[in-house]
Amino acid sequence: MDYILHVLILALIYSIFAVSLNLELGYAGLYNFGHVAFFGIGAYISALLSRAGMPVEGAMLCAMAGAGIAGGLLAVPALRVTEDYFGIATLVFAEMFRLVCLNERWLTKGPMGLPGIPRPAWIARGVDGLPVYLILTAMAAAGVFLFVRRLTGSPFGRALKVIREDEHIAQAFGKNVFLLKIKTIVTGSALAGLAGTLWAHYISYISPADFSLTETILVVLCVVLGGRGTNWGPVLGAFAVIFFGEAVRFLPIPHELHRYVAPLQGVVYGGILVLIVLKMPNGMIAEHRRNGA
Amino acid sequence: MSYYLQLLLNGVIAGSVYALFAVGLTLVYGVFRFINFSHGELITWGAYLTLMFYTPPFSWPLYLSAIPAMILTAVIGFSQDFFIYRPLRRGNPITLLIASIGLSYMLRNAVRFIWGSDLRTFDFPPARGLEFGGYYVTGIQLLMLSAAVFFLAILYLGLTRTLWGKSLRATADNLELAAIMGISMPRVSASVWILASVFAAAGGILLALDTNLEPFMGATNLIKAFAAVLLGGAGNVWGALLGGLFIGIAENLGVAFFSPGYKDLVAFALIFLLLLFRPRGLFGLLTGVR
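Residues numbered from 1 in each chain as written. Chains lettered and ligands numbered in written order. Predicted model: local features only at pLDDT ≥ 70, side-chain atom pairs only at ≥ 80, totals over all residues.

Draft legend 1. A look at the overall build of chain B. In terms of helices and strands, chain B carries 11 helices and 2 strands. For chain B, the α and β elements follow one another from N to C terminus as α-α-α-α-β-β-α-α-α-α-α-α-α. For a compact globule of 290 residues, the expected C-alpha radius of gyration is about 19 Å, and chain B comes in at 19 Å, within 12% of that figure. By its C-alpha atoms, chain B is 55 × 45 × 35 Å across when sized along the principal axes. Long-range contacts, defined here as pairs at least 24 residues apart, represent 78% of the contacts in chain B between residues at least 6 apart. (Helix = DSSP H or I, 4+ residues; strand = E, 2+ residues; numbered from the N terminus. Rg over C-alpha atoms; globule rule 2.2 N^0.38 Å. Contact = placed C-beta atoms within 7 Å.)

Set out below in structure tokens:
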């Protein structure tokens, strides 16, 4: 029972993470392959602040704000390049973030990571706190989902879709493309920071290895598998990816073959990503388009 | 002073191997206009396949193990294109980039599946460095340098002196125009992938001889190769060569000034700055001779 709660919490946190990436990747066509950096920035900020004695709720808000500001600071220079170059610039940013966490031991304790990140005072430690933490995560996820749905249904969201399809048309209609993109990235990064902080306070231990390229691939997989540019797609994708990852544990695998499980899972994730791009580019939920366009 | 010259020498040797990686990456970009993220995995596979033929049950000598390893890597590179990239070619470069990221993750985990995640080595006995007027070079470093020079010389002659090289350069310059002129596209695309794979594998083998093998070696070196490609201007073969040398030297000299933990940051920071300020490459002037 506790295990099911645990998987649900993970899936909900990943849903927030995937929804925030979808805002950039699915709606605005900004292929951010360094999104995990903002998840990590959120996690580190709130871990450091709460370990220093700040109430967890305050630390979480600071983490969101910090991740959003970091997103803005990255976006201003990175938006000078477009499409695949933007993808590489953001990917490199995420790797730089990881290297800094690995090397600035005075702040992050380097590869040892930060242990003992507290939960909010009103949530019990250990297994007893799981139901309450699940409710907290579910409320955050629902809030993020409704907020993003409202945002993408608004004129703002429609402007983003126009930018995705053709920037020049958006410009011709008098939209400030640069500003709209900055707003998108700041919002997306702050929401990724929220996912990161929920994760850090739940797992209670973070290290630079948690924010590697592997996590980027997982979250891109969630969005692309579920369906880019749809509201439910990334949520569905996140649940599918997390449940698949956990289901593998229950396969009757003899003990001496255990070292093969994680690599095989990686092969399957990578293979699914390639197959979707090849055979099902719209994902599980296709974006609704009028006139078949 | 001699300390810095020693670092410079190490940098040139490392850079010559980075150049091998960068050449293939930039050729693929020049012809197909997308960043092949799984290029790094060709490096890893080249190295691991050599190790496979070098150790039991094969136990072949090193120079004999390298040949089938390079051929098999070329097969992997060619099949990547045939099964995945070719059907996607008409689409957006982002689609190709996502596919190549997925593919690289798949291939890297396949290495972990087959050979495990632990560090592996070729187990050479530690050899004394050779001394040249106060500077030390190991036998393996000499091999790295000479092999890199050999491969790059062949590339130079091939690209400039043969009809095959001409057709390749023409295609990198303008794909449609080259196709109109009757250059066979399947042949060009096959040679690009085979060239890229063989060079990546050769570099991977040399690197593994000098250091060790691990499933992430390709991903790490892909970043360096990519920095070299950007330095030289994407699609520019000679630029990538210079870029590779530059990265090798910058990294090794950097060790003198800041913590070795940040060695990889040099390439990252270079990519970031170049993309933002000089997206056409530092050696953009050289585009005329690619």
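Draft legend 2. Structural view of the overall build of chain A. Along chain A, the regular secondary structure elements total 12 helices and 0 strands. Secondary structure elements in chain A, listed N-terminal to C-terminal, are α-α-α-α-α-α-α-α-α-α-α-α. Here chain A has a C-alpha radius of gyration of 19 Å; the compact-globule value for 293 residues is 19 Å, and the two agree. Referenced to the eigenvectors of the C-alpha coordinate spread, the extents of chain A come out at roughly 55 × 45 × 35 Å. Split into buried and exposed, the 293 residues of chain A put 48% on the buried side. Considering only intrachain contacts with a sequence separation of at least 6, the fraction spanning at least 24 residues in chain A is 79%. (Buried ≥ 20, exposed ≤ 12 C-beta atoms within 10 Å, placed from the backbone.)

Draft legend 3. Structural context of the interface of chain A and chain B. Taken together, the contacts link 34 residues of chain A with 35 residues of chain B. Elements that contribute at least two residues to the side of chain A that touches chain B include exactly α4 (83-103), α10 (213-226) and α12 (261-279) of chain A. Per element, the largest residue contribution to the side of chain A that touches chain B is 13 residues, and it comes from α4 of chain A. When its residues are assigned to classes, the side of chain A that touches chain B shows 24 nonpolar, 5 polar and 5 charged. (Nonpolar A, V, L, I, M, F, W, Y, C, P; charged D, E, K, R; others polar.)

Draft legend 4. Highlighting the environment of M181 of chain B. For M181 of chain B, the location among the structural elements is in the loop between α7 (175-180) and α8 (185-210). It is 9.7 Å that separates the C-alpha atoms of M181 of chain B and A170 of chain B, two residues lying 11 residues apart in sequence.

Draft legend 5. Spatial organisation of α10 of chain A. Residues and elements named next belong to chain A. Look at α10: 20 Å from first C-alpha to last across 14 residues, which is about the 20 Å you get at 1.5 Å a residue. With respect to burial, α10 is a largely interior element, 12 of its 14 residues being buried. Buried within α10 we find L213, T216, I217, L218, V219, V220, L221, C222, V223, V224, L225 and G226. Positive phi appears at G227, one or two residues downstream of α10, with a value of about 135 degrees. (Expected span 1.5 Å × (residues − 1).)

Draft legend 6. Just the packing of helix α2 (residues 36-51) of chain A against α4 of chain A, in detail. Residues and elements named next belong to chain A. Following both chains from N to C, one finds α2 and α4 inclined at 30 degrees, their axes separated by 8 Å at the closest point. Comparing the axis directions of α2 and α4 gives the class roughly parallel. Along the contact surface, α2 presents V36, A37, G40, I41 and Y44, while α4 presents F93, A94, F97 and C101. Partitioned by chemical class, the residues of the contact of α2 with α4 number 8 nonpolar, 1 polar and no charged. (Axes fitted to C-alpha atoms, helices over the stretch in contact; angles between N-to-C directions. Parallel < 35°, antiparallel > 145°, perpendicular 65-115°, else oblique.)

Draft legend 7. Seen up close, the packing of helix α7 (residues 155-165) of chain A against helix α9 (residues 177-203) of chain A. All names here are of chain A. Contact geometry of α7 with α9 gives a least axis separation of 11 Å together with a crossing angle of 110 degrees. Classified by the angle between their axes, α7 and α9 sit roughly perpendicular to one another. As for the relative orientation of α7 and α9, their crossing is left-handed in sense. In this structure, α7 contributes A159, L160 and I163 to the contact, and α9 contributes V177, L180 and T184. Here the residues of the contact of α7 with α9 are counted per class, giving 5 nonpolar, 1 polar and no charged. (Left-handed = near helix turned anticlockwise from the far one by under 90°.)

Draft legend 8. A look at the environment of W45 of chain B. Residues and elements named next belong to chain B. With respect to the helices and strands, W45 occurs in helix α2 (residues 39-54). When the C-alpha atoms of W45 and M217 are compared, they prove to be 9.9 Å apart, with 172 residues separating the residues in sequence. Dropping the residues within four chain positions of it, W45 is found in contact with T73, I76, L107 and V111.

Draft legend 9. Here's a closer look at helix α6 (residues 163-173) of chain B. Residues and elements named next belong to chain B. Along α6, the residues classified as buried are L168, T171 and A172. The buried residues of α6 all sit within an arc of 100 degrees when viewed along its axis, so they share a single face. Packing partners of the buried residues in α6 comprise α1 (2-32), α5 (139-161), α7 and α8. (Arc of directions from axis to C-beta.)

Draft legend 10. Unusual backbone geometry, seen in detail. Residue P57 of chain B is reached from P56 of chain B by a cis peptide bond, and omega for that bond is 5 degrees. One non-glycine residue, K109 of chain A, adopts positive backbone phi at about 60 degrees. Topologically, K109 of chain A is positioned in the loop between α5 (105-108) and α6 (130-153). Judged by C-beta crowding, with 14 C-beta atoms within 10 Å, K109 of chain A ranks as partly exposed.

Draft legend 11. Highlighting the confidence of the model for chain B. All names here are of chain B. Confidence in the prediction for chain B averages 87 pLDDT; 96% of positions are at 70 or higher. Considering each helix and strand of chain B separately, the mean pLDDT is smallest for strand β1 (residues 130-132), with a value of 79, and largest for α2, with 95. For the stretch residues 285-290, pLDDT sits under 50, and the model shows 12 contacts to residues farther than four places along the chain or on other chains. Interface scoring of the predicted complex returns ipTM 0.86; its pTM is 0.88. (pLDDT = per-residue confidence, 0-100.)

Draft legend 12. Region of the structure containing the environment of L195 of chain B. Residue and element names in this part refer to chain B. With respect to the helices and strands, L195 occurs in helix α8. Judged by C-beta crowding, with 21 C-beta atoms within 10 Å, L195 ranks as buried. Taking the C-alpha atoms as reference, L195 lies 15 Å from P68; in sequence the two are 127 residues apart. Beyond its immediate sequence surroundings of up to four residues, L195 is in contact with G24 and L27.

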